[in-house]
Amino acid sequence: MISPLENAKDVEIVWQNLEPKKPYPFPWPILGFFDIFPECVYMDPPEMQAVQFDADSQFDLVILAYQVWFLSPSLPITGFLKSAEARVLKDKPVITFIACRGMWLSAQEKIKGMLNSIGARLIDNAVLVDQGPPWATFVTTPRWLLTGNKKGFWGIFPPAGVAADDIRGASRFGRAIADSLIKLETEKDSSLLKGLGAVKVNPRYIAGEKIAHRSFFIWGKLFRAIGRTGHPLRRFLLIVYIVFLITMILTVMPLGVILRAILKPFIKEKLENQVKEFEKPSGSSTERMAQYI
Ligand SMILES: Cc1cc2nc3c(=O)[nH]c(=O)nc-3n(C[C@H](O)[C@H](O)[C@H](O)COP(=O)(O)O)c2cc1C
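To keep things clear, this report deals only with the structure shown in the data block.

Calculation notes
Residues numbered from 1 in each chain as written. Predicted model: local features only at pLDDT ≥ 70, side-chain atom pairs only at ≥ 80, totals over all residues. Helix = DSSP H or I, 4+ residues; strand = E, 2+ residues; numbered from the N terminus. Rg over C-alpha atoms; globule rule 2.2 N^0.38 Å. Buried ≥ 20, exposed ≤ 12 C-beta atoms within 10 Å, placed from the backbone. Contact = placed C-beta atoms within 7 Å. Pairing = 2+ DSSP bridges. Near = placed C-beta within 6 Å. Nonpolar A, V, L, I, M, F, W, Y, C, P; charged D, E, K, R; others polar. Axes fitted to C-alpha atoms, helices over the stretch in contact; angles between N-to-C directions. Parallel < 35°, antiparallel > 145°, perpendicular 65-115°, else oblique. Left-handed = near helix turned anticlockwise from the far one by under 90°.

Of the regular secondary structure elements, the chain holds 12 helices and four strands. Against the 2.2 N^0.38 benchmark of 19 Å for 293 residues, the chain shows a C-alpha radius of gyration of 20 Å, consistent with a compact globule. Counting the 293 residues in the chain, one finds 27% classified as buried. Taking contacts inside the chain between residues at least 6 apart in sequence as the whole, the part at least 24 apart equals 82%.

Pairing is mixed in the open sheet, where four strands are placed in the order β2-β1-β3-β4. The open sheet terminates on both sides in strands that have one partner only, identified here as β2 (72-73) and β4 (121-129). Of the strand pairs in this sheet, strand β3 (residues 93-100) and β4 are connected by eight bridges, and their pairing is parallel. Across the sheet, Pro93 pairs through a bridge with Arg121, a residue of β4.

Across six bridges, strand β1 (residues 62-69) lies against β3 in parallel orientation. Counterpart to Ala65 in the pairing with β3 is Phe97. Pairing between β1 and β2: two bridges, direction antiparallel. Bridging from a neighbouring strand, Val68 pairs with Pro73 of β2. Two successive antiparallel strands, β1 and β2, enclose a turn made up of two residues, where Phe70 displays a positive phi of approximately 50 degrees.

What follows concerns the site of the ligand. Taken together, 17 residues form the shell around the ligand, and within it Gln67, Trp69, Cys100, Arg101 and Met103 come nearest. For the shell around the ligand, the elements supplying multiple residues, two or more each, are β1, β3 and α6 (134-147). Per element, the largest residue contribution to the shell around the ligand is three residues, and it comes from β1. The residue makeup of the shell around the ligand, split by class, is 11 nonpolar, four polar and two charged.

Another aspect to go through is the packing of helix α10 (residues 204-226) against helix α11 (residues 232-279). α11 packs onto α10 with a crossing angle of 150 degrees between their chain directions and a minimal axis gap of 6 Å. Between α10 and α11, the angle falls in the class roughly antiparallel. The two elements α10 and α11 meet at a crossing, and its hand is right-handed. Only Leu233, Arg234, Tyr241, Gly256, Arg260, Leu271 and Gln274 of α11 make contact with α10, whose side of the interface consists of Arg204, Ile206, Ala207, Gly208, Trp219, Phe223 and Ile226. Per-class residue counts for the contact of α10 with α11 are eight nonpolar, three polar and three charged.

This paragraph deals with unusual backbone geometry. Between Phe26 and the following residue, Pro27, the backbone shows a cis peptide bond with an omega angle of -10 degrees. With respect to the helices and strands, the residue Pro27 is situated in the loop between α1 (3-6) and α2 (30-34). Here the amide bond leading from Lys280 into Pro281 is cis, since omega sits at 0 degrees, within 30 degrees of zero. Position of Pro281 relative to the elements: it lies in the loop between α11 and α12 (289-292). With phi around 60 degrees, Asp10 is a residue other than glycine that occupies positive phi space. The topology assignment puts Asp10 in the loop between α1 and α2. Overall, Asp10 belongs to the exposed group, with 6 C-beta atoms counted inside 10 Å. We note that Asp91 has phi near 65 degrees; this positive angle belongs to a residue other than glycine. Tracing the backbone through its elements, the reader meets Asp91 in the loop between α4 (75-81) and β3.

Shown next as structure tokens:
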């Protein structure tokens, strides 16, 4: 995404890796993976390493790249946005850039809330999702996170992660940004990435995300009441929760598909409006793609 800006005249890029004091593992042990979901959902910030930039400096544009963890911003990004250094974003235009399996709607709503409370201006959002249909990434993404194995298998499951072509294609965003830097001064809240297919909301995920987030919220409250990440009783109950979660997914998800098919004619307009809302501010249209590919 940034590569076209690297050699652009008059552009200085400052990179900052947002690192927690205690690194998260990769691949993830299965209990350790699930044990952080309450903190993700309730956005409990981890302790963060000091940032290298001066939080009082005036950046013209901030690109905030993050992963989604349990339908919420990943803990390092929460840690940063809730730290004093996040004041660097005040009154600044921000572009969020998400890489995830495909369920990012609730996480982005939470990011919007945090940016709002800091006083930052979200001008664009671009999203890259894991390759393959949702039923495949439902298997390939967790397999990758828990084993480190990204390869496709059985001839039907594609490799895990964002496709190399999609990653290369993200340079169109950088080219468009390089072309429109002047807009940051002249049209303050204007999107730079409209018409570039920056996001595509899958309406089929909207209800599922809401239900799953609600479930994480209720169970998360219970786990947080028991103790912090790593608490032995919490870990034991996690096993019960994982079984419950898998049962829910195997039963409620197919029911949801049937229910959606029945309700489709009645909720079509509502869904279309929700899609438009979630796709703001960059939208899913592609009329400028040819110019920047
Ligand atoms: C703890 C954890 C929870 C995750 N939860 C979600 C999720 O709720 N929705 C989603 O689309 N992806 C989820 N992912 C996948 C990540 O967003 C991301 O795709 C993955 O970590 C690979 O990121 P990378 O392409 O930056 O390496 C989760 C990953 C981790 C490590």
